[in-house]
Number of protein chains: 2
Amino acid sequence: MADNQLDHRAPAKPADGEEIERPEIYDEEGELDSDFLDHVRGAIRASDAETLRSDVAPLHDSELGDILQHLDFDERQGLVRLLGDDFDYTALTQVDEAVRLEIVEAMPNEQIAAAVRELDSDDAVYILEDLDENDRKDILEQLPFRERIRLRRALEYPDESAGRRMQTEFVAVPPFWTVGQTIDYLRDEEGLPDNFSQIFVIDPSFKLVGAVDLDRILRTRRPEKVEEIMRETRHAIPVDMDQEEAAQIFEQYDLLSAAVVDENERLVGVLTIDDVVDVIQQEAEEDIRRLGGVGDEELSDSVLATSRSRVPWLLVNLVTAILAASVIGLFDATIEKVVALAVLMPIVAGMGGNAASQTMTVTVRALATRDLDLYNSARIIRREVGVGFINGIVFAVLIGVVAALWFREADLGGIIAAAMIINMFAAALGGILIPLTLDRFGVDPAIASAVFVTTVTDVVGFFAFLGLATWWFGG
Amino acid sequence: MADNQLDHRAPAKPADGEEIERPEIYDEEGELDSDFLDHVRGAIRASDAETLRSDVAPLHDSELGDILQHLDFDERQGLVRLLGDDFDYTALTQVDEAVRLEIVEAMPNEQIAAAVRELDSDDAVYILEDLDENDRKDILEQLPFRERIRLRRALEYPDESAGRRMQTEFVAVPPFWTVGQTIDYLRDEEGLPDNFSQIFVIDPSFKLVGAVDLDRILRTRRPEKVEEIMRETRHAIPVDMDQEEAAQIFEQYDLLSAAVVDENERLVGVLTIDDVVDVIQQEAEEDIRRLGGVGDEELSDSVLATSRSRVPWLLVNLVTAILAASVIGLFDATIEKVVALAVLMPIVAGMGGNAASQTMTVTVRALATRDLDLYNSARIIRREVGVGFINGIVFAVLIGVVAALWFREADLGGIIAAAMIINMFAAALGGILIPLTLDRFGVDPAIASAVFVTTVTDVVGFFAFLGLATWWFGG
């Protein structure tokens, strides 16, 4: 998918300085321009294939993807049909899964097969992996032998593995070739990938022995041998490595591309930074969504699908809310006597919840980026407890004064202040220990921490405040 | 910072198959190996410069950064001192700001100047931008003229702009050169950047006219002219563009590097994907932190600094919690009569808060990735309202039954069910309209949405539930 290009289209300004009329597709905010979108919609309604071919077909695949994302079902199908062979199927890798499936499922398998043949192997896998078993088989059978074998093998690698994301097109030469031979080969060979940034060095059994960056080739004189200038491969990615782990290696070592090798250390593909950027984006996205209690939903999902996907999280929260409520139920006699307690108790619980979510956010992210581990966790726990203690005192004083003035009762101020310190302390401990513990047991802390943490701060908050009040005012 | 290298060190396995003893620095989890860390600590304590030079100096800058991050203050200073000239200052770009400042501030300015001279311009800027005015001036004055001018100019660009992140080292040739001339130039010229993936084409006034990828050069015969194979530059980045916007262009067009140009369209630098990956990571990180109510704190911050940075958010939440509590206060007479209301009311408010935070998370992210805009917001609002309505009914039935059985009072079940539907509906509306409105007014929705949204669900939740109960049971 990498193209490293500054332009894919005709130049906006030809050499003679005359401006070519070219519709502006993004506005100043970086959003799709409404006039352009209306123009496209109008052309689809009018079945004006010519306008679409001149104004939409030359766009970058991501721009076409953006447009597809903004059209409704009928418009999308119309656009694909009207563009025909000029539709750039790479755009399908740039849209939500729901939109992609919608478009692909409306196409006959022969058309998908024809499209797949035009795509880079990583993009083809991206589209094929979502299809059902039978369609996939049918499409693969319509492909030429070599491509079929390649794609079938890629699809056999586990979901979200390096093997699924890699490109199987690459340039490889033997170590005994000279720089001159390599350059001549690149100039004469027809079947090279569209873009590449390094040349791999392999032995006769396809085993990876090294790599050379293109700038190194260009800076070296022709008689020199490739093995003299190559680097040993230290960050080769095993084909079954999880894509997230591969992304971390790219990030740590600032790689632009890396060789992917099978269990026999044979070169089978190349993973490029642009695919990895998508993975990094996805993983951060996943953490945000999990912390917010939403799953893999997409903006294009239907009401029912969205509703269903959000119910489980709400259900878990209902159970913990009932648990917290039952703690309140233990003290109903006290509340009946001092109704101000009912007014103030959500403040104690809520502040604890907010403080805990601060600690939890920091902890979950530090775990995700591996900044937090066994060796510094003791220090971070100490820090969080210290912060909880200090902020507990700060807010205890504040709320104590407010409560005492509000209800003109100094005792109430003292009780809520004490409860606040206890709950902020519990919040700090819960906010760091719960994600750490979940992580230790192999559970993603982003997905489950929030429930446990708010349960702790609700239960402790209500129990401390109402318990202290019961003890003070009598049950 | 890009190196696109598979290895920077001596090969782990030399050609004759004999393994070189090389300490393992990461364990299976991808965390720093404790034995290795102890080994480094021991060597620092023993002032064993030789061991450090052989085991730590050859590491990749990011690995050295990881180690620095895990050492305490004294150990860090010891390591830098013992490694002396073998310390790779690039590692300073890989650590938290607090750690970086700590190390740099302990160094005399002459030493910093010497370090800066060794670094790529983007890394040098990274270190210099955190220093105070006077130190920076002093250090710049100790640099050779050309470097001083370059760095001073880079530091004049706004914070977080493309100009700050770009590298000022690049390769540029005139359009009338042939491929052969270009290759000869690359072979003979000494002062080229360490790594590059494209060659820029400029006119005599340094105006950017195009670019050629290295693979294109390698595939083209010597007599052909560069202008025949170059691409026009469409995605040139203005030097004062915000780094986040630049990152979005990289992502959308799958760029590996892009030219940075000044207001006269003259080429002044190159922005590379590895710096952009850091930006993408940072921006996602920022959203997560803002949603969690934490600012720019880092793991290495002190207790007091952390505590202080978290107080403002908690203070805002205290005010909204008091507001919600005052709503409860309106109904104290009813609560005194039916104390079960006090037990159940946090459930209504809490479920609304959770449902709203689901909607809000999706909305905030969709705004950040520009998937949500004017043209589809109507559809998304309809969807969220639909989801809120359906889930409202689902949880109304559940909690209604639970409440009726728990307190053996059917009326109470009906009241809480009605309140739940109202609050889930308010949650859906608040969860989407609040971030959209903040965004329209130019406020980052990630930073402020949560407060407003929970205020809405708390106030509506308490008001609906207690209000309905007062109307039903009498005030």
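Residues numbered from 1 in each chain as written. Chains lettered and ligands numbered in written order. Predicted model: local features only at pLDDT ≥ 70, side-chain atom pairs only at ≥ 80, totals over all residues. Heavy atoms only, no water.

Enquirer: For this particular structure, what's the right way to read the overall build of chain A?
Expert: Counting its regular elements, chain A contains 21 helices and six strands. Since a compact globule built from 475 residues should have a radius of gyration of about 23 Å, the 30 Å found for chain A marks it as more spread out than a globular shape. With respect to the three principal axes, the spread of C-alpha positions in chain A is 95 × 60 × 55 Å. Of all 475 residues assigned to chain A, the portion counted as buried reaches 56%. Considering only intrachain contacts with a sequence separation of at least 6, the fraction spanning at least 24 residues in chain A is 66%. (Helix = DSSP H or I, 4+ residues; strand = E, 2+ residues; numbered from the N terminus. Rg over C-alpha atoms; globule rule 2.2 N^0.38 Å. Buried < 20%, exposed > 50% of the residue type's maximum accessible area, 1.4 Å probe, protein only. Contact = heavy atoms within 4.5 Å.)

Enquirer: How should helix H3 (residues 61–70) of chain A be read in this particular structure?
Expert: Residues spaced three or four apart along an α-helix point in a common direction, a consequence of the helix completing one turn every 3.6 residues. Burial analysis of H3 of chain A places nine of its ten residues in the buried class, the great majority of the element. If you check which residues of H3 of chain A are buried, you get Asp61, Ser62, Glu63, Leu64, Gly65, Ile67, Leu68, Gln69 and His70 of chain A.

Enquirer: Honestly, the UniProt feature "transmembrane region" (unreviewed entry) in chain A in this entry has me stumped. Any pointers?
Expert: Sequence positions flagged by UniProt for "transmembrane region" (unreviewed entry) are, in local numbering, residues 311–331, 343–364, 385–407, 413–434 and 446–473 of chain A. Split by type, residues 385–407 of chain A is 96% helix and 0% strand. Its first and last C-alpha atoms lie 31 Å apart. (UniProt positions renumbered as here; feature names shortened; annotations may be inferred.)

Enquirer: Can you walk me through the side chain of Thr93 of chain B in this structure?
Expert: Residue placement: Thr93 of chain B occurs in the loop between helix H4 (73–83) and helix H5 (97–105). Among the polar contacts listed, one links the side chain of Thr93 of chain B to the backbone oxygen of Thr90 of chain B, at a separation of 2.6 Å. (Polar contact = N/O pair within 3.5 Å; in protein donor to acceptor, adjacent residues only side chain to side chain.)

Enquirer: Just to check I follow, could you spell out a nonpolar patch on the surface for this structure?
Expert: All names here are of chain A. A contiguous nonpolar surface patch, about 550 Å² in accessible area, is contributed by Phe389, Ile393, Val397, Val401, Leu405 and Phe425. The element best represented in the nonpolar patch is helix H19 (residues 374–406), accounting for five residues. Looking at the secondary structure, you find Val397 in helix H19. With relative accessibility at 52%, the residue Val397 sits in the exposed group. (Patch = residues over 30% accessible without salt bridge, like charges linked within 9 Å, V, L, I, M, F, W, Y side chains within 5 Å. Areas by Shrake-Rupley, 256 points an atom, 1.4 Å probe, with all protein chains shown as cover. Salt bridge = Lys/Arg side-chain N within 4 Å of Asp/Glu carboxyl O.)

Enquirer: Please explain the sheet that holds strand S4 (residues 237–238) of chain B as it appears in this structure.
Expert: What links the strands of a sheet is backbone hydrogen bonding, and the strands pair in either a parallel or an antiparallel sense. Read across the open sheet, the three strands follow the order S4-S5-S6 (chain B); overall the sheet is mixed. For this open sheet the edge positions go to S4 and strand S6 (267–272) of chain B, each flanked by a neighbour on one side alone. (Pairing = 2+ DSSP bridges.)

Enquirer: Can you walk me through the interface of chain A and chain B in this structure?
Expert: Frequently, the measure chosen for interface size is the accessible area removed from exposure when the parts meet. Across the boundary between the two partners, chain A contributes 138 residues, which contact 140 residues of chain B. Both faces considered, chain A and chain B share a buried interface measuring about 12600 Å² in area, 60% of it formed by carbon and sulfur atoms. At the junction of chain A and chain B, the tally comes to four salt bridges. Taken together, the connections running from chain A to chain B amount to 32 residue pairs in polar contact (both at pLDDT 80 or more). It is helix H16 (residues 303–329) of chain A that provides the largest number of residues to the side of chain A that touches chain B, a total of 17 residues. Residues that form the side of chain A that touches chain B fall into these classes: 63 nonpolar, 35 polar and 40 charged. (Buried area = accessible area lost by both parts, 1.4 Å probe. Nonpolar A, V, L, I, M, F, W, Y, C, P; charged D, E, K, R; others polar.)

Enquirer: Help me out: how do you make sense of the domain arrangement of chain A in this one?
Expert: Residues and elements named next belong to chain A. Taken domain by domain, chain A holds domain 1 (34–165), domain 2 (172–275) and domain 3 (303–473). A separation of 30 Å is found between the C-alpha centroids of domain 1 and domain 2. Taken together, the contact between domain 1 and domain 2 spans nine residues of the former and ten residues of the latter. Of the roughly 810 Å² buried where domain 1 meets domain 2, counting both sides, 52% is carbon and sulfur surface. Along the contact surface separating domain 1 from domain 2 lie zero salt bridges. Inspection of the domain 1/domain 2 interface yields three residue pairs in polar contact (both at pLDDT 80 or more). Tallying contributions element by element places helix H10 (residues 162–165) first for the side of domain 1 that touches domain 2, with three residues. Partitioning the side of domain 1 that touches domain 2 into residue classes produces three nonpolar, two polar and four charged. (Domains from an automatic or database assignment.)

Enquirer: How do you make sense of the relation of the copies chain A and chain B when you look at a structure like this?
Expert: Two copies of one chain are present, and they are related through a rotation about an axis combined with an axial shift. For the pair chain A and chain B, the best superposition has an RMSD of 0.1 Å and corresponds to a rotation of 180° with a translation of 0.0 Å parallel to the axis. Both copies are brought into coincidence by an operation consistent with a two-fold rotation axis. (Least-squares fit on C-alpha atoms with pLDDT ≥ 70 in both.)

Enquirer: I'm lost on the environment of Ile202 of chain B in this one. Help?
Expert: All names here are of chain B. Within the fold, Ile202 resides in strand S2 (residues 198–202). For Ile202, a relative accessible area of 9% gives the class buried. Distance in space between the C-alpha atoms of Ile202 and Asp458 is 61 Å, their sequence separation being 256 residues. Not counting residues within four places of it along the chain, the set of residues in contact with Ile202 comprises Ala172, Val173, Pro174, Pro175, Lys207, Leu208, Val209 and Leu267.

Enquirer: Just checking my understanding: could you explain the confidence of the model for chain A for this structure?
Expert: Where the model shows low pLDDT, its predicted coordinates should not be examined in detail. Of the residues in chain A, 95% reach a pLDDT of 70 or more, and the chain-wide mean stands at 86. For residues 1–22 of chain A, every residue scores under 50 in pLDDT, and the model assigns this stretch 63 contacts once sequence neighbours within four places are set aside. (pLDDT = per-residue confidence, 0-100.)

Enquirer: It is not clear to me how a negative patch on the surface should be interpreted in this structure. Could you clarify?
Expert: A surface patch of like charges, here negative, comprises Glu97, Glu160, Asp242, Glu244, Glu245 and Asp296 of chain A. Relative to the assigned elements, Glu160 of chain A resides in the loop between helix H9 (145–156) and H10. (Lys, Arg positive; Asp, Glu negative; His and termini not counted. Charge placed at Lys NZ, Arg CZ, Asp CG, Glu CD.)

Enquirer: Can you help me understand the UniProt feature "domain: CBS" (unreviewed entry) in chain A in this one?
Expert: All names here are of chain A. Here the UniProt-annotated "domain: CBS" (unreviewed entry) positions come out as residues 166–228 and 230–286. The span residues 166–228 is 30% helical and 21% strand by assignment, and the distance between its end C-alpha atoms comes to 28 Å. The straight-line gap between the two end C-alpha atoms of residues 230–286 is 38 Å; of that span, 44% is helix and 23% is strand.

Enquirer: What should I look at first to understand the sheet that holds strand S2 (residues 198–202) of chain A in this one?
Expert: Residues and elements named next belong to chain A. Pairing within the open sheet is mixed, and its three strands lie in the order S1-S2-S3. Among the strands making up the open sheet, the edge pair consists of strand S1 (172–173) and strand S3 (208–213). With two bridges connecting them, S1 and S2 associate as parallel partners. Its bridge partner being in S2, Val173 is matched across the sheet by Val201.

Enquirer: In this structure, what is going on with the packing of helix H8 (residues 133–141) of chain A against H9 of chain A? I would like to understand it.
Expert: The angle between the axes and the distance between the axes are what describe a pair of packed helices. All names here are of chain A. Closest axis-to-axis distance for the H8/H9 pair is 9 Å, and the angle between their directions is 155°. Taken together, the axes of H8 and H9 are roughly antiparallel relative to one another. Crossing of H8 against H9: the hand is right-handed. Residues Arg136, Leu140 and Glu141 of H8 pack against Arg148, Leu151, Arg152 and Leu155 of H9. Residues of the contact of H8 with H9, tallied by class, amount to three nonpolar, no polar and four charged. (Axes fitted to C-alpha atoms, helices over the stretch in contact; angles between N-to-C directions. Parallel < 35°, antiparallel > 145°, perpendicular 65-115°, else oblique. Left-handed = near helix turned anticlockwise from the far one by under 90°.)

Enquirer: I keep staring at the pairing of S2 of chain B and nothing clicks. Help me out?
Expert: Two faces belong to every sheet, and in a regular strand the side chains alternate between them. Residues and elements named next belong to chain B. Along S2, five of the five residues are buried, which leaves the element largely enclosed by surrounding structure. Where burial is concerned, the two faces of S2 agree: the one with Gln198, Phe200 and Ile202 and the one with Ile199 and Val201 are both buried. The β-α-β motif built from strand S1 (residues 172–173), the intervening helix H11 (residues 179–188) and the parallel element S2 has right-handed crossover chirality. Judged from the five bridges that link them, S2 and strand S3 (residues 208–213) form a sheet pairing that is antiparallel. Of the residues in S3, the one forming a bridge with Phe200 is Ala211. Hairpin connection of S2 to S3: five residues between the antiparallel strands, including Phe206 at a positive phi of 70°. (Right-handed = clockwise from strand over helix to strand, strands pointing away.)

Enquirer: Teacher, can you tell me more about the pattern of salt bridges here?
Expert: Oppositely charged side chains can pair when the atoms bearing their charge come close. Under the defined criterion, the tally for this structure stands at 36 salt bridges over all chains. Between Glu129 of chain B and Arg164 of chain B there is a salt bridge, with its nearest N and O atoms 2.7 Å apart. In this pair, Glu129 of chain B sits in the loop between helix H7 (121–128) and helix H8 (133–141) while Arg164 of chain B sits in helix H10 (residues 162–165), placing the two residues 35 residues apart along the sequence. Here the residues in one salt-bridge network are Glu129, Asp159, Arg164 and Arg165 of chain A, joined through shared partners.

Enquirer: What is the right way to look at the pairing of strand S5 (residues 257–261) of chain B in this model?
Expert: All names here are of chain B. Summarising burial for S5: five of the five residues are buried, a large majority. Burial along S5 is two-sided: Ser257, Ala259 and Val261 and Ala258 and Val260, pointing in opposite directions, are all buried. Sheet analysis places S4 next to S5, joined by two bridges and oriented parallel. The residue of S5 that forms the bridge with Pro238 is Val261.

Enquirer: Would you explain the packing of aromatic side chains in this entry?
Expert: Two numbers describe a pair of aromatic rings. These are the distance of the centres and the angle of the planes. Under the criterion given, the structure shown has twelve aromatic pairs over all chains. Plain terms: the ring middles of Phe331 of chain A and Phe463 of chain A are 5.7 Å apart, the flat faces sit at 70° to each other, and that makes the pair edge-to-face. Separated by 132 residues along the polypeptide, Phe331 of chain A in the loop between H16 and helix H17 (332–337) and Phe463 of chain A in helix H21 (residues 445–473) bring together distant segments of the chain. Centroid distance Trp406 of chain B to Phe407 of chain B: 4.9 Å. Interplanar angle 20°. Geometry classified as stacked. By relative accessible area, which is 31% here, Trp406 of chain B ends up partly exposed. (Phe/Tyr/Trp six-rings, centres within 6.5 Å; stacked < 30°, edge-to-face > 60°.)

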